[in-house]
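These are the residues of each chain, in order.
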Amino acid sequence: MDKLPKIGLPILIGVVFLIVVLAKSAVTIDSGEAGVLFKTFGEGVVIDEPPMSEGFHIVAPWNEVFVYEVRQQELFEKMKVLSSNGLEIQIDASAWYEPVYSDLGKLHQNLGEGYLQRVIQPAIRSAARSVVGRYTPEQLYSSKRDAIQDEIFEETKLILEKQYVQLNEVLVRDVTLPNTIKEAIERKLRQEQESLEYEFRLVTASKEAEKVRIEAQGKADANRILSASLTDKILQDKGIDATIKLSESPNSKVIVIGSGDSGMPIILGNQ
């Protein structure tokens, strides 16, 4: 009976040790994550094998697993940058990114878990400064927002090309200008709109006047052609035709007095 505690103590210690080993050896990787294995007594970070996928894994207790989120993530950035004429502009942007799955080991080895602060944030800030510096505040406020968004994306993507990170999109959410500059731009845009409306009214009135002039000119030309075609001979012939028609009427009395200055007979008729 006295020997039981002595035998039970090593067993208890062994059970506790086994539990600790199993706890250290068991690794569970959640959905949307992947693991990078670090071998303490081996070559260190494993980069020549695929990352550890989702699920339950058993590893040697002296090794370590670093878990990374491999889903698309979003970075929000508020940046103060200078326009082409030196005015300070605030850009609110966000970047959609994710680590390159097959290069997760290299990412951990070269950049570590803080890769967001080490490469992505500096890259997007550098690209934003470079792109915004090409434009005036007026262009940024009105017509060039889509253009700077695309350019920031392309330049950031180029910087991150060999950093084991995949950039999916850059969105410029807002461009904030100093109030005085914003008011001046809005005032200028209103004036330009009013000028365009006035110019449109002038063009419309000019076209309407031209239409009336053309119609009047057409009528005048028609009257001139008609007058030119009514020669003395034509008028005399028409007078003779009218006389014949009157003479053929049984109830008509026709008196032909002679001809006027135009050569046509003067006809007095009574019915």
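We now turn to the structure provided with this report. What you see is a predicted model; the values in this text were computed from it and never measured.

Conventions used here
- Just so you know, the residues in each chain are numbered from 1, in the order the chain's sequence is written.
- Per-residue local features of the predicted model are confined to residues with pLDDT of at least 70, and side-chain atom pairs are confined, for both listing and counting, to 80 or more; whole-chain, interface and lining totals are unaffected and use all residues.
- With hydrogens and water set aside, each side-chain value is computed from the structure's full complement of heavy atoms.
- Numbering of helices and strands starts at the N terminus; helices are DSSP runs of H or I of at least 4 residues and strands are runs of E of at least 2.
- A simple rule labels every residue: compare its accessible area, found with a 1.4 Å probe on the protein chains alone, to the largest value its type can have, and call it buried under 20%, exposed over 50%, or partly exposed in between.
- In this analysis, two residues are considered to be in contact whenever any of their non-hydrogen atoms come within 4.5 Å of each other.
- Areas reported as accessible are Shrake-Rupley estimates using a 1.4 Å probe. Residue values count occlusion only from the protein chains shown.
- Strand pairing requires that DSSP identify at least two bridges connecting the strands.
- Axis definition: a line fit to C-alpha positions, over the contact stretch in the case of helices; interaxial angles, taken between N-to-C directions, run 0 to 180 degrees.
- Reported orientations rely on four angle classes, namely roughly parallel under 35 degrees, roughly antiparallel over 145, roughly perpendicular from 65 to 115, and oblique for the rest.
- Helix crossings are classified by the rotation of the near helix relative to the far one: an anticlockwise turn of less than a right angle makes the crossing left-handed, while a clockwise turn makes it right-handed.
- Residues grouped as a nonpolar core are buried Ala, Val, Leu, Ile, Met, Phe, Trp, Tyr and Cys residues, joined through side-chain atoms within 4.5 Å.
- In this scheme, a helix's expected span is set at 1.5 Å multiplied by one less than its residue total.

### Some points on the overall build of the chain
Next up, step 1: Within the chain one finds seven helices and 10 strands.
Next up, step 2: Taking all 271 residues of the chain together, 27% fall into the buried category.
Next up, step 3: In the chain, of all internal contacts separated by at least 6 residues, the share reaching a separation of at least 24 is 64%.
Next up, step 4: When the accessible surface of the chain is summed, it comes to about 18,200 Å², and 56% of that surface belongs to carbon and sulfur atoms.

### Some points on the sheet that holds strand E3 (residues 44–45)
Next up, step 1: Strands sit in the order E3-E2-E5 across an open sheet of three strands; the sheet is antiparallel. Only two strands of the sheet have a single neighbouring strand rather than two, namely E3 and strand E5 (64–69).
Next up, step 2: Inspection of the sheet shows strand E2 (residues 33–39) paired to E5 by six bridges, in the antiparallel sense. The partner of Val36 across the bridge, within E5, is Phe66.

### Focus on unusual backbone geometry
Working note: non-glycine residues mostly have negative phi, and peptide bonds are mostly trans.
Next up, step 1: Its identity as a non-glycine residue notwithstanding, Tyr164 has a phi of 65 degrees, on the positive side.
Next up, step 2: Along the polypeptide, Tyr164 turns up in the loop between helix H5 (145–159) and strand E8 (165–176).

### What to know about the packing of helix H3 (residues 115–132) against H5
Next up, step 1: Where H3 contacts H5, the two axes come as close as 8 Å, and the packing angle between them is 135 degrees. Put simply, H3 runs oblique to H5. For the pair H3 and H5, the sense of crossing is right-handed. For the pair H3 and H5, contact is made by Ala123, Ile124, Ser126, Ala127, Ala128, Ser130 and Val131 and by Ile148, Glu151, Ile152, Glu155, Thr156 and Ile159, respectively.

### Here we look at the environment of Met79
Next up, step 1: With respect to the secondary-structure elements, Met79 resides in strand E6 (residues 73–82).
Next up, step 2: Assessed through its relative accessible area of 5%, Met79 is described here as buried.
Next up, step 3: Along the chain, Met79 and Asp92 lie 13 residues apart, while their C-alpha atoms are 6.5 Å from each other.
Next up, step 4: Discounting residues that sit within four places of it in the chain, Met79 has contacts with Ile89, Gln90, Ile91, Ala93, Ile124, Arg125 and Ala128.

### Notes on the environment of Arg118
Next up, step 1: Relative to the helices and strands, Arg118 is located in helix H3.
Next up, step 2: Given the relative accessible area of 52%, Arg118 is considered exposed.
Next up, step 3: In contact with Arg118, not counting residues within four places along its chain, are Leu111 and Gly112.

### Points about the environment of Gly105
Next up, step 1: Within the secondary structure, Gly105 is located in helix H2 (residues 104–110).
Next up, step 2: In sequence terms Gly105 and Val46 are 59 residues apart; their C-alpha atoms lie 6.2 Å from each other.
Next up, step 3: If we skip the residues at most four places from it in the chain, Gly105 touches Val36, Val45, Val46 and Ile47.

### Points about the pairing of E2
Residues in a regular strand project their side chains so that they alternate between the two faces of the sheet.
Next up, step 1: For E2 and E3, the ladder comprises two bridges, and the chain directions are antiparallel. Counted as the bridge partner of Lys39 is Gly44 from E3.
Next up, step 2: If you look at the hairpin formed by E2 and E3, you'll find four residues sitting between the two strands.

### Points about the nonpolar core
Next up, step 1: If you look at the biggest cluster of nonpolar residues, it comprises 39 residues, and the most contacted ones within it are Ile91, Tyr97, Tyr115, Ile120, Ile152 and Val175.
Next up, step 2: For this core, the secondary structure elements donating two or more residues are E2, E5, E6, strand E7 (88–99), H2, H3, H5 and E8.
Next up, step 3: Considering every element that reaches this core, the biggest residue donor is H3, with 10 residues.
Next up, step 4: Core analysis: the next-biggest nonpolar cluster, separate from the first, contains seven residues, Val27, Val46, Val59 and Val65 among them.

### A closer look at H5
Next up, step 1: For H5, with 15 residues, the first-to-last C-alpha span of 21 Å sits near the 21 Å given by 1.5 Å per residue.
Next up, step 2: Along its buried surface, H5 packs onto H3, helix H4 (137–141) and E8.

Limitation: the analysis is restricted to geometry and does not speak to function.
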